[in-house]
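Here are the chains, one letter per residue:
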Amino acid sequence: MVTLGGTETEAQTRAQRLDELASPEFRWQNALYTAGLDPDAFDPDAPLPAELWAGPPAPSSRAEQLYAAARARPDASLREVARQVTGGAGQTHFVGTPEQLAAHVLAWQDAGAVDGFTIMGSTLPYELAAFADHVVPVLQRRGRFRTEYTGPTLRDHLGLPRPAVVGR
């Protein structure tokens, strides 16, 4: 998830404003759902049951995030605990400038930690346009993103041969 701004402060302000728009109902249900739990099985005004967060290791990093928030405030309601859980299942929320995002992408690639990214904008079409207009040019200047295609089709771009036409 990406939230971009012309300055880091602008990006942080946009991200905070978007976070404030999430309804409390969505927030607690989404926190449970993305942790692999059925929201219908829980009372949002009661604490998360201790047997979940005090027992064996969490089944996912998202569940661990939820369990850690519950451990920190064991008497807090699920609704309150869910406010501490950010992002979605298995996703990182990057907040910053296009230059910072380009540096972030390159650092992960250079470390061999990734061979690609799926970028999801926190708002559309703003983030998509900002990525195409501001991040891609930074990556191109650094020689890390193509500046042209090798042909008019994806097949041409990937260097794949045309399939043989079999007699009819």
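Residues numbered from 1 in each chain as written. Predicted model: local features only at pLDDT ≥ 70, side-chain atom pairs only at ≥ 80, totals over all residues. Heavy atoms only, no water.

*Asks:* Got a sec to walk through unusual backbone geometry? Specific residues and values, please.
*Replies:* Following leucine 124, the chain continues into proline 125 via a peptide bond in cis, with omega recorded as 5 degrees. Mapped onto the fold, proline 125 is located in the loop between α6 (98–110) and α7 (126–141). (Helix = DSSP H or I, 4+ residues; strand = E, 2+ residues; numbered from the N terminus.)

*Asks:* Provide a residue-level description of helix α1 (residues 8–21), including the pertinent values.
*Replies:* In this model, α1 (14 residues) spans 20 Å end to end at C-alpha, consistent with the 20 Å of a helix rising 1.5 Å per residue. Within the span of α1, buried status applies to Ala11, Arg14 and Ala15. Viewed along the axis of α1, the buried residues span an arc of 95 degrees, placing them on a single side of the element. Of the exposed residues in α1, those oriented more than 90 degrees away from the buried face are Thr9, Gln16 and Glu20. Those residues of α1 hidden inside the fold are in contact with β1 (2–4), β2 (94–96) and α7. (Expected span 1.5 Å × (residues − 1). Buried < 20%, exposed > 50% of the residue type's maximum accessible area, 1.4 Å probe, protein only. Arc of directions from axis to C-beta. Contact = heavy atoms within 4.5 Å.)

*Asks:* Summarise the nonpolar core; cite the residues concerned and give the values.
*Replies:* Counting 18 residues, the largest nonpolar core has Leu32, Leu48, Leu66, Tyr67 and Leu78 as its most contacted members. Among the secondary structure elements, those contributing two or more residues to this core are α2 (24–34), α4 (61–72) and α5 (78–82). Here this core takes five residues from α4, the largest share from any one element. If near-sequence neighbours (up to four positions away) are discounted, tyrosine 67 is found in contact with Leu37, Leu48, Leu52, Trp53, Ala58 and Pro59. Ranked by size, the runner-up nonpolar core spans 13 residues in total, among them Leu4, Leu106, Val136 and Val138. (Core = buried A, V, L, I, M, F, W, Y, C linked by side-chain atoms within 4.5 Å.)

*Asks:* Account for α7, with residues named and values stated.
*Replies:* Here α7 is 16 residues long and its end C-alpha atoms lie 22 Å apart, about the 22 Å a rise of 1.5 Å per residue gives. Along α7, the helix axis deviates most sharply at alanine 132, where the bend reaches about 30 degrees. Along α7, the residues classified as buried are Glu127, Ala130, Phe131, Val135, Val136, Val138 and Leu139. Buried residues along α7 sit against β1, α1 and α6. A positive phi of about 70 degrees marks glycine 143, the residue just after α7. (Bend = angle between axes of the 7 residues up to and from the residue.)

*Asks:* Describe the side chain of arginine 27, naming the residues involved and giving the relevant values.
*Replies:* Along the chain, arginine 27 turns up in helix α2. At a separation of 2.7 Å, a polar atom in the side chain of arginine 27 contacts the main-chain carbonyl oxygen of aspartate 19. The residues contacting arginine 27, other than those within four sequence positions of it, are Asp19, Ala22, Ala82, Arg83 and Val85. (Polar contact = N/O pair within 3.5 Å; in protein donor to acceptor, adjacent residues only side chain to side chain.)

*Asks:* Quick rundown of the packing of α6 against α7? Include the residues and the values.
*Replies:* Here α6 crosses α7 at 50 degrees, and the two axes come no closer than 9 Å. Judged by the angle between their axes, α6 and α7 are oblique. Crossing hand, α6 versus α7: right-handed. From α6, Pro98, Glu99, Leu101, Ala102 and Leu106 reach across to α7, where they touch Phe131, His134, Val135, Val138 and Leu139. Considered class by class, the residues forming the contact of α6 with α7 number eight nonpolar, one polar and one charged. (Axes fitted to C-alpha atoms, helices over the stretch in contact; angles between N-to-C directions. Parallel < 35°, antiparallel > 145°, perpendicular 65-115°, else oblique. Left-handed = near helix turned anticlockwise from the far one by under 90°. Nonpolar A, V, L, I, M, F, W, Y, C, P; charged D, E, K, R; others polar.)

*Asks:* Break down the packing of aromatic side chains for me, citing the residues and quoting the values.
*Replies:* Inspection of the entire model under this criterion finds one aromatic pair. Judged by centre distance (6.4 Å) and plane angle (70 degrees), the rings of tryptophan 108 and phenylalanine 117 are edge-to-face. Residue classification places tryptophan 108 among the partly exposed positions, given a relative accessible area of 37%. By relative accessible area, phenylalanine 117 is classed as partly exposed at 34%. (Phe/Tyr/Trp six-rings, centres within 6.5 Å; stacked < 30°, edge-to-face > 60°.)

*Asks:* Which residues make up the pattern of salt bridges, and what values go with them?
*Replies:* Inspection of the entire model under this criterion finds eight salt bridges. Between arginine 79 and aspartate 45 there is a salt bridge, and its shortest N-O distance comes to 3.0 Å. Of this pair, arginine 79 sits in helix α5 while aspartate 45 sits in the loop between α2 and α3 (50–53), and the two are 34 residues apart along the sequence. Judged by its relative accessible area of 53%, aspartate 45 is exposed. Two residues, arginine 71 and glutamate 64, come together in a salt bridge whose shortest N-O distance is 2.3 Å. In this structure, a network of salt bridges that share partners links the residues Glu25, Asp45 and Arg79. (Salt bridge = Lys/Arg side-chain N within 4 Å of Asp/Glu carboxyl O.)

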